[in-house]
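# Structure at a glance
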Amino acid sequence: MTQPANIDAGAELDPVHPMKCPATARRAGGLTTAEVAERVARGEVNDVPVRSSRSTAEIVRGNVFTRFNAIIGVLWAIMLVVAPIQDSLFGFVIIANTGIGIIQEMRAKKTLDGLAVIGEAKPTVRRDGQAVEISTSEIVLGDVIELGPGDKIVVDGEAVEADGLEVDESLLTGEADPVLKKPGDKMMSGAFVVAGGGAFTATKVGREAYAAQLAEEASRFTLVHSELRSGISTILKYVTWMMIPTALGLVISQLVVKDNNFKDSIARTVGGIVPMIPEGLVLLTSVAFAIGVIRLGRKQCLVQELPAIEGLARVDVVCLDKTGTLTEGGMDVTELRPLNGTDEAYVRKVLGALGESDPRPNASLQAIIDAYPDSEVWRCTESLPFSSARKYSGAAFSEGDGENSTWLLGAPDVLLKSGDPALAEIDALNEQGLRVLLLARASRDLDDPAVASDAKATALVVLEQRLRPDAADTLRYFDEQNVKAKVISGDNAVSVGAVAGKLGLHGAADTVDARQLPTDQEEMADVLDSNSVFGRVTPQQKRDMVAALQSRGHTVAMTGDGVNDVLALKDADIGVSMGSGSEATRAVAQIVLLNNSFATLPSVVAEGRRVIGNITRVATLFLTKTVYSVLLAVLVVCFQVEYPFLPRHLTLLSTFTIGIPAFFLALAPNKERAKPHFVRRVMRYAIPSGVIAAVATFVTYMIARAYYTGPGDLDAETSVTTLTLFLVSMWVLAIIARPYTWWRITLVVSMGVAFLLVLAVPWLQNFFALKLVGAVMPWTAVGIAVLASALLELVWRRVTLRYPD
């Protein structure tokens, strides 16, 4: 492990960029109402829509014009001509499924669009001499837009004011170091402010701003770029290639080789092709995601990228920023302790003036402003904005009596030398979970890189942080779900550990000062794996810590609300921002908690686990059907016999053993953590299940062909073959429905009872052409199904034992 960094040296070497105070800064004028109206009339407005969802036309087109809908549509049209309506039921089912998909995604769109408006950034522009907040889409060419720490640059422009303005352009250029901006410098949309303040003039708005187009494209609601979606696409690709030669062989076999009734041959050919298509799998995946979006939307959770629901379900490490996540954003000053005999009344004046010097105070400074209002006697001449890397801010004042002074406010263990007597007093306060700031008087100018090196300690400001009432329960949930929580904060390590300890986090007593962390990724990963609480973490270290965890195969979620969290949020597998966080954090996060409640995260995890776990279940059902349909078609072609089923039979089977059960199973609660290798896990069950079902069904069919003779023999053969396939498919459903609950048992039993009704009610028998003839063959069909089900049980158990993941 590397040795601790020299605190003072680190503070001295950090570059400082002082800025003019608000009172002395020169302000660029803004547009007038008339000028804005002229630009709007000319179309010079930032009209790029900030969309979180697909348009209505895209939703309809995406659900209707699919490859499998086209195939089924052609087959349906053929069946409407050559066969009774009951053999065309599969077409009506597809119409219903497509309608359900459109309706659910439209509901999700409405939810997302509504939440996006709530969470939309409101830039501040100057108009008619006033600073006003407007929607991003209302910005016009030439608008003067004000900037402060955490603000996202929403259009391209040119800086007109730059007071210590540091901009992070890493989202656009990949360069991590902030760029110091001066008047005249180019401002790129998609970048964000990390320190200082200023203003810029919009020079490119709307679709002319290339970076804005990229940002809009990247933030668009999508159903792609997830393991689940790509896995299903891979499966469908293989199914298509498998289906084409099999279907051609079946067509030739039924129309050319067998000398049957032409229309009956057509019907049986279609009956063999349709079940090969897992058409409901894509639908149910989309519906499950859409319903997840709606459920989370009700809890004020904006999912900016749909796969984030899936991604958070796979998370096994969640990195938490203390301030704003475990604690509420606000703070209260509980005590002021003057040091070295300083007069307390004088300290109060200094603190009041410091509060007035920063136009965009953070939570700590806001608490000081609330406690110590400015007396308006002192005049600020220069200020140094707070930096997460520096850990302090500062300002220079003319005190009104001819005296000038320079002050620093920040982390005591950064501003004080190691071994300073005040540090022991500070440690005692930190152990109580209190936050302590040091007010120090500097003897150097603010623009001196060593401004903090010989500053004189003047007072301690003790702040109490408000714990979120739901944070302890949320941490307990993650612990129960085997998700490791890591508290990563820029605050003092002892203070962070005390807060985490109050919330019951395991390992909170063993805190790590990030200044002692090794820089080697492997060594850092070792420390991260064995500890849970880290303090004095810089923004770059947060990013490095995320990378170190990912290098060990962890799926990492990162929460935060401040500009210092942006880089880590961007690099994490899932970034989660608070709604009250900076524009930059909301822009890069996949999930925004608009209600600022950390307690919403378990709901997101639960939705993700429900979607992935349940889609894995139903995918096994759908692909078992695909496998047995393809294999049955191959056997029919090889043995040169009639295909045993009409479309109506397989529609009935699919409805009772897949369609209805899959809909309920896909939307059921599921707390199991998502596992990788979706395709592999699905196919290792679906292939043996489909093979067993096909072989059992074909054996029954061949025995029935030998047993039944005379008129109506094919109908009798079809009926007993359908019985075998139904019973085997029901056993597959019974296995997939585990672990059993009352409603799962009810679901399986109901499907069995529904099939028995079809066999028992005369008009249903006629409608579906199902009538069991005699007793020998029906019981033989049942016996074969029982043997096949026993083999299924054996195979599933062996697969589960061999591949426990």
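Here goes a summary of the coordinates provided. (Residues numbered from 1 in each chain as written. Predicted model: local features only at pLDDT ≥ 70, side-chain atom pairs only at ≥ 80, totals over all residues. Heavy atoms only, no water.)

### Section: the overall build of the chain
In terms of helices and strands, the chain carries 28 helices and 21 strands. Counted over contacts in the chain with a minimum sequence separation of 6, partners at least 24 positions apart contribute 74%. (Helix = DSSP H or I, 4+ residues; strand = E, 2+ residues; numbered from the N terminus. Contact = heavy atoms within 4.5 Å.)

### A word on the packing of helix H25 (residues 713–736) against helix H28 (residues 776–802)
At a closest axis distance of 8 Å, the pairing of H25 and H28 adopts a crossing angle of 25°. Classified by the interaxial angle, the pair formed by H25 and H28 is roughly parallel. Like other packed secondary-structure pairs, H25 and H28 cross with a definite hand, here right-handed. Taking contact as the criterion, the partners of Val720, Leu723, Thr724, Leu727, Val728, Trp731, Val732, Ile735 and Ile736 in H25 are, on H28, Met777, Pro778, Ala781, Val782, Ile784, Ala785, Ala788, Ser789, Leu792, Glu793 and Trp796. (Axes fitted to C-alpha atoms, helices over the stretch in contact; angles between N-to-C directions. Parallel < 35°, antiparallel > 145°, perpendicular 65-115°, else oblique. Left-handed = near helix turned anticlockwise from the far one by under 90°.)

### Describing the pattern of salt bridges
Counted according to the given criterion, the structure contains 23 salt bridges. The residue Arg552 makes a salt bridge to Asp529 at a minimum N-O spacing of 3.0 Å. Of the two residues, Arg552 is situated in the loop between helix H19 (539–551) and strand S19 (556–560) and Asp529 in helix H18 (residues 521–530); the sequence distance between them amounts to 23 residues. Notably, a salt bridge pairs Asp571 with Lys570, separated by 3.6 Å at the nearest N-O pair. With relative accessibility at 26%, the residue Asp571 sits in the partly exposed group. The structure contains a network of salt bridges with shared partners spanning Asp413, Asp513, Arg515 and Arg536. (Salt bridge = Lys/Arg side-chain N within 4 Å of Asp/Glu carboxyl O. Buried < 20%, exposed > 50% of the residue type's maximum accessible area, 1.4 Å probe, protein only.)

### Focus: the environment of Ser398
Mapped onto the elements of the fold, Ser398 is located in strand S12 (residues 392–398). Residues Ser398 and Cys380, 18 residues apart in the sequence, show an inter-C-alpha distance of 6.4 Å. In contact with Ser398, other than residues within four places in its own chain, are Trp378, Arg379, Thr381, Glu403 and Asn404.

### Quick notes on H19
Taking 1.5 Å per residue as the helical rise, H19 with its 13 residues ought to reach 18 Å, and the 19 Å between its terminal C-alpha atoms agrees with that figure. Residues of H19 that are buried: Pro539, Gln541, Lys542, Arg543, Met545, Val546, Ala548 and Leu549. One or two steps after H19, the chain reaches Gly553, where phi turns positive at roughly 85°. (Expected span 1.5 Å × (residues − 1).)

### Considerations on the environment of Arg552
Arg552 sits in the partly exposed class, given a relative accessible area of 31%. Sequence separation between Arg552 and Glu522 is 30 residues; the distance between their C-alpha atoms is 8.6 Å. Residues within four places of Arg552 in sequence aside, it is in contact with Glu522, Ala525, Asp526 and Asp529. Within the structure, the side chain of Arg552 is placed 3.2 Å from the side chain of Glu522, a separation counted as a polar contact. Of note is the side chain of Arg552, whose polar atom sits 3.0 Å from the side chain of Asp529. (Polar contact = N/O pair within 3.5 Å; in protein donor to acceptor, adjacent residues only side chain to side chain.)

### Focus: the environment of Leu354
Within the secondary structure, Leu354 is located in helix H12 (residues 344–357). Considering only alpha carbons, one finds Leu354 and Trp407, 53 residues apart in sequence, at a separation of 8.1 Å. With near-sequence residues (within four places) excluded, Leu354 lies in contact with Leu365, Gly394, Ala395, Phe397, Trp407, Leu409 and Leu439.

### So, a nonpolar patch on the surface
On the surface, a nonpolar cluster with roughly 480 Å² of combined accessible area is contributed by Leu80, Val81, Ile85, Phe92 and Ile95. At the level of elements, helix H4 (67–82) and helix H5 (89–118) are the ones that each hand at least two residues to the nonpolar patch. (Patch = residues over 30% accessible without salt bridge, like charges linked within 9 Å, V, L, I, M, F, W, Y side chains within 5 Å. Areas by Shrake-Rupley, 256 points an atom, 1.4 Å probe, with all protein chains shown as cover.)

### Observations regarding unusual backbone geometry
Cis geometry marks the peptide bond from Arg738 to Pro739; its omega dihedral reads -5°. Here Pro739 lies in the loop between H25 and helix H26 (742–760). In this model, Gln640 sits at a positive phi of 55°, which is unusual for a non-glycine residue. Examined against the element boundaries, Gln640 turns out to sit in the loop between helix H22 (601–639) and helix H23 (647–666).

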